[in-house]
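Coordinate inspection notes
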Amino acid sequence: MSTTKINITPIENKYIRLILSLENMDKEKLEDLGDSFLVKINKKSKSGNELYFSIFFNKKLMNKPVKSSNPSVSITKNKNLISLEVTMMLELTEIQKAGDFYLVNKEYATTPAFEFSYKMNQAYYDKKIGQYLESERAEEDIEEKENIDL
């Protein structure tokens with residue numbers, strides 16, 4: 001049974017590290033295009049968050065070492081199961097408010113090429129990003145006040 005995980009972490013009050021993991025995906029879910037594969041994922045969680053992800057990659061990329069770049073992509077194969085991990089660094093401004101949701105849309109024309117769209121609800125955004133940003137701003141305000149008092 002395959003699992004999909006998304007981990008969002010704010011970094012230095014101006015970046016977001018987003019990690020998408022697709023684990024133990026059956027090879028039959030991949031669209032075989034000769035020397036390449038196409039993967040399309042479209043999921044909606046019970047909380048209303050929505051993920052759309054598609055990736056097109058050459059079969060030679062499986063089990064290759066990951067290069068540290070933005071984005072970094074790791075594709076591993078174990079028997080008939082495939083795991084995929086994508087790590088992206090985004091600027092805070094790349095998350096756009098859209099009604100009651102926050103939206104991330106990215107396309108990468110890299111090797112491998114992929115498209116990523118994630119729509120998260122207000123509660124999830126506040127839990128993962130909003131609370132962190134508020135605590136960072138509070139710390140900056142305290143430091144600024146201390147500098148003024150000196």
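For the structure, check the block above.
Criteria and cut-off values
Residues numbered from 1 in each chain as written. Predicted model: local features only at pLDDT ≥ 70, side-chain atom pairs only at ≥ 80, totals over all residues. Heavy atoms only, no water. Salt bridge = Lys/Arg side-chain N within 4 Å of Asp/Glu carboxyl O. Helix = DSSP H or I, 4+ residues; strand = E, 2+ residues; numbered from the N terminus. Buried < 20%, exposed > 50% of the residue type's maximum accessible area, 1.4 Å probe, protein only. Pairing = 2+ DSSP bridges. Core = buried A, V, L, I, M, F, W, Y, C linked by side-chain atoms within 4.5 Å. Contact = heavy atoms within 4.5 Å. Polar contact = N/O pair within 3.5 Å; in protein donor to acceptor, adjacent residues only side chain to side chain.

Quick look at the pattern of salt bridges
Tallied over the full model, the rule gives 5 salt bridges. Among the salt bridges present, the one from Lys5 reaches Glu23, with a minimum N-O distance of 3.6 Å. Remark: Glu23 occurs in strand E2 (residues 15–26) and Lys5 occurs in strand E1 (residues 3–11); sequence separation between them is 18 residues. Residue classification places Lys5 among the partly exposed residues on the basis of a relative accessible area of 47%. Residue class for Glu23 comes out partly exposed when judged on its relative accessible area of 28%. Between Lys44 and Glu50 there is a salt bridge, with its nearest N and O atoms 3.8 Å apart. Under the relative-accessibility criterion, Lys44 is labelled exposed at 61%.

Describing the sheet that holds strand E10 (residues 113–121)
The strand order across the open sheet formed by 6 strands is E3-E4-E5-E10-E9-E8, and the pairing between neighbours is antiparallel. Where the open sheet ends on each side, the last strands, each with one partner, are strand E3 (31–32) and strand E8 (95–98). Note that strand E9 (residues 101–108) and E10 share 8 bridges and pair antiparallel. Paired with Phe101 across the strands is Asn121, a residue of E10.

Quick notes on unusual backbone geometry
For the bond running from Asn70 to Pro71, omega is 0 degrees, close enough to zero to count as cis. Within the secondary structure layout, Pro71 lies in the loop between strand E5 (50–58) and strand E6 (72–78). The residue Asn24 is not glycine, and still its phi comes out positive at about 55 degrees. As for its placement among the helices and strands, Asn24 is situated in strand E2. Given a relative accessible area of 38%, Asn24 falls into the partly exposed group. Positive phi, close to 60 degrees, is recorded for Lys79, a residue that is not glycine. Along the chain, the position of Lys79 falls in the loop between E6 and strand E7 (81–91).

Things to note about the pairing of E8
Bridge count between E8 and E9: 4 bridges; the pairing is antiparallel. Directly across from Ile95, in E9, lies its bridge partner Val104. The antiparallel hairpin formed by E8 and E9 contains 2 residues in its connecting segment, where Gly99 sits at a positive phi of about 70 degrees.

Quick look at the nonpolar core
Grouped together as the largest cluster of nonpolar side chains are 35 residues, with contacts concentrated most on Ile8, Phe53, Phe114, Phe116 and Met120. Not counting residues up to four positions away in its chain, the partners in contact with Phe114 are Phe53, Ser54, Ile55, Pro71, Val73, Val86, Met88, Lys106, Glu107 and Tyr108.

Quick notes on the side chain of Asn49
Tracing the backbone through its elements, the reader meets Asn49 in the loop between strand E4 (36–44) and E5. Judged by relative accessible area, Asn49 falls into the buried class, the value being 5%. Polar contacts involving the side chain of Asn49 include one to the side chain of Tyr118, which spans 3.4 Å. Leaving out residues up to four positions away in the same chain, Asn49 has contacts with Lys43, Lys44, Tyr118, Lys119, Met120, Asn121 and Tyr124.

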